[in-house]
Amino acid sequence: NEAVDVLNLDLGSSLQSSTPTRLVTHSSPIRSLSLLRRSSILASGDWAGGVTLTSVAGGSWGCSISKLEVKGKVFCMDHSYNEEWLLVGDSLRGLNIINLKMLSSGIESTKAINTVPDFMKYQLRFISANKHRDLFATSSVEGRVQITTIEKALRGEVNSKESPKDLSLIHISEPTRQAEI
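Presented here is a report on the structure given in the accompanying data block. Worth saying up front: this structure is predicted, and the values here are computed from it rather than measured.

## Focus: the sheet that holds strand S7 (residues 74-79)
(1) Moving on: Reading across from one edge, S7-S8-S9-S10 is the order of the four strands in this open sheet, with antiparallel pairing throughout. The open sheet has two free edges, formed respectively by S7 and strand S10 (113-116), since each of these has just one partner strand. Sheet twist, expressed as the mean angle between neighbouring strand axes with direction ignored, is 20°.

Next up, the structure:
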């Protein structure tokens, strides 16, 4: 589907309706969504590489904030804990890091999208940002997982021979032996 339709399920609302309201329209099928709750923004990405930021705030509900393009198809996305960064994985193995604060400043000369090419060996399928710190995890189609910080990704320091895995980011708790990020 090339649209995001919203159905209001709030039983106490006067806007209660069984008919969905069209919120976002794309030129090709939508692959990924990310809701930035504090900023009241819905980010959506499609197969043509379009990333649309739409307001879901009460007064400006449904207004398009920004439309961006990444080089490949959008496969996955998530946002940082402070909602400053939108992380978008594309079909060309790139990680696109979008600075949402630069977009909102209206300064056109600043580069809002930083692309880290060949972020993983194979295509990215999932991104999950930590909701309490500046960490995020990515996984690819063949099962590789990478955990890093946004700062390291912006500097191009991804897990490689030159920049080995930062194992200090993972803490194994003794009772359950589960990894905590």
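Here the narrative resumes, following the displayed structure.
## Quick look at the environment of Ser 140
(1) Moving on: Checked against the element boundaries, Ser 140 lands in strand S12 (residues 135-140).
(2) Moving on: Along the primary structure Ser 140 and Ile 127 are separated by 13 residues, whereas in three dimensions their C-alpha atoms are 9.3 Å apart.
(3) Moving on: Setting aside chain neighbours within four positions, we find Ser 140 in contact with Met 120, Tyr 122, Gln 123, Leu 124 and Arg 125.

## Describing the sheet that holds strand S5 (residues 50-55)
(1) Moving on: The strand order across the open sheet formed by four strands is S3-S4-S5-S6, and the pairing between neighbours is antiparallel. Here the strands that pair on one side only, and so sit at the sheet edges, are strand S3 (30-36) and strand S6 (64-69). Averaged over all pairs of adjacent strands, the angle between strand axes in this sheet comes to 15°, irrespective of strand direction.

## Let's talk about the environment of Pro 117
(1) Moving on: Among the secondary structure elements, Pro 117 is positioned in the loop between S10 and strand S11 (124-129).
(2) Moving on: Look past the residues within four positions of Pro 117 in its chain and what remains in contact with it is Arg 93 and Gly 94.

## A short note on the pairing of S5
(1) Moving on: The element S5 is largely enclosed, with a buried count of six among its six residues.
(2) Moving on: Burial along S5 is two-sided: the face carrying Gly 50, Thr 52 and Thr 54 and the face carrying Val 51, Leu 53 and Ser 55 are both buried.
(3) Moving on: Looking at chain direction, strand S4 (residues 41-46) and S5 are connected through five bridges and run antiparallel. Bridge pairing links Ser 44 to Thr 52 in S5.
(4) Moving on: Connecting the antiparallel pair S4 and S5 is a turn made up of three residues, with Gly 49 showing a positive phi of about 95°.

## Observations concerning the pattern of salt bridges
(1) Moving on: Considering all chains together, one arrives at one salt bridge under this definition.
(2) Moving on: For Glu 142, the salt bridge identified is with Arg 144, shortest N-O distance 2.4 Å.

## Notes on the packing of aromatic side chains
(1) Moving on: In total, this model carries one aromatic pair according to the counting rule given.
(2) Moving on: Relative to Phe 75, the ring of Trp 47 lies with its centre 5.3 Å away and its plane at 75°, an arrangement referred to as edge-to-face. One end of the pair, Trp 47, is in the loop between S4 and S5; the other, Phe 75, is in strand S7, and 28 residues separate them in sequence.
(3) Moving on: The side chain of Arg 125 reaches across the aromatic face of Phe 75, ending 4.4 Å from its centre.

## Digging into the side chain of Asp 78
(1) Moving on: Mapped onto the fold, Asp 78 is located in strand S7.
(2) Moving on: There is a polar contact of 2.7 Å between the side chain of Asp 78 and the backbone nitrogen of Ala 129.
(3) Moving on: Excluding anything up to four places from it in sequence, Asp 78 contacts Ser 34, Trp 85, Leu 86, Leu 87, Ile 127, Ser 128, Ala 129 and Lys 131.

What counts and what doesn't
- Numbers given to residues run from 1 along each chain, matching the order in which its sequence is written.
- Local features in this predicted model are restricted to residues of pLDDT 70 or higher, and side-chain atom pairs are both shown and tallied only at a pLDDT of 80 or more, whereas totals for entire chains, interfaces and linings draw on every residue.
- Side-chain descriptors were evaluated using all non-hydrogen atoms of the structure, hydrogens and water having been removed beforehand.
- DSSP-based pairing: two strands are paired if at least 2 bridges between them are found.
- Secondary structure elements follow DSSP: runs of H or I of four or more residues count as helices, runs of E of two or more count as strands, with numbering from the N terminus.
- Lines are fitted to the C-alpha atoms to define the axes, a helix being fitted only along its stretch in contact, and any angle between axes, read from their N-to-C directions, falls within 0 to 180 degrees.
- Note on definitions: a residue-residue contact is assigned when non-hydrogen atoms from the two residues lie within 4.5 Å.
- Residue burial is assigned from relative accessible area. The probe radius is 1.4 Å, only protein chains are included, and a residue is buried under 20% of its type maximum, exposed over 50%, and partly exposed in between.
- Whenever Lys or Arg places a side-chain nitrogen within 4 Å of a carboxyl oxygen from Asp or Glu, that contact is recorded as a salt bridge.
- To pair, rings of Phe, Tyr and Trp, with the six-membered ring standing in for Trp, must have centres within 6.5 Å; the planes then decide the type, stacked if under 30 degrees apart, edge-to-face if over 60, and tilted in the middle.
- Distance and angle both matter: a charge sits over a ring if NZ of Lys or CZ of Arg is within 6 Å of the ring centre and within 35 degrees of the ring normal.
- Two N or O atoms form a polar contact when they lie within 3.5 Å of each other; inside protein one atom must be a possible hydrogen donor and the other a possible acceptor, and for residues adjacent in sequence the pair counts only when both atoms belong to side chains.

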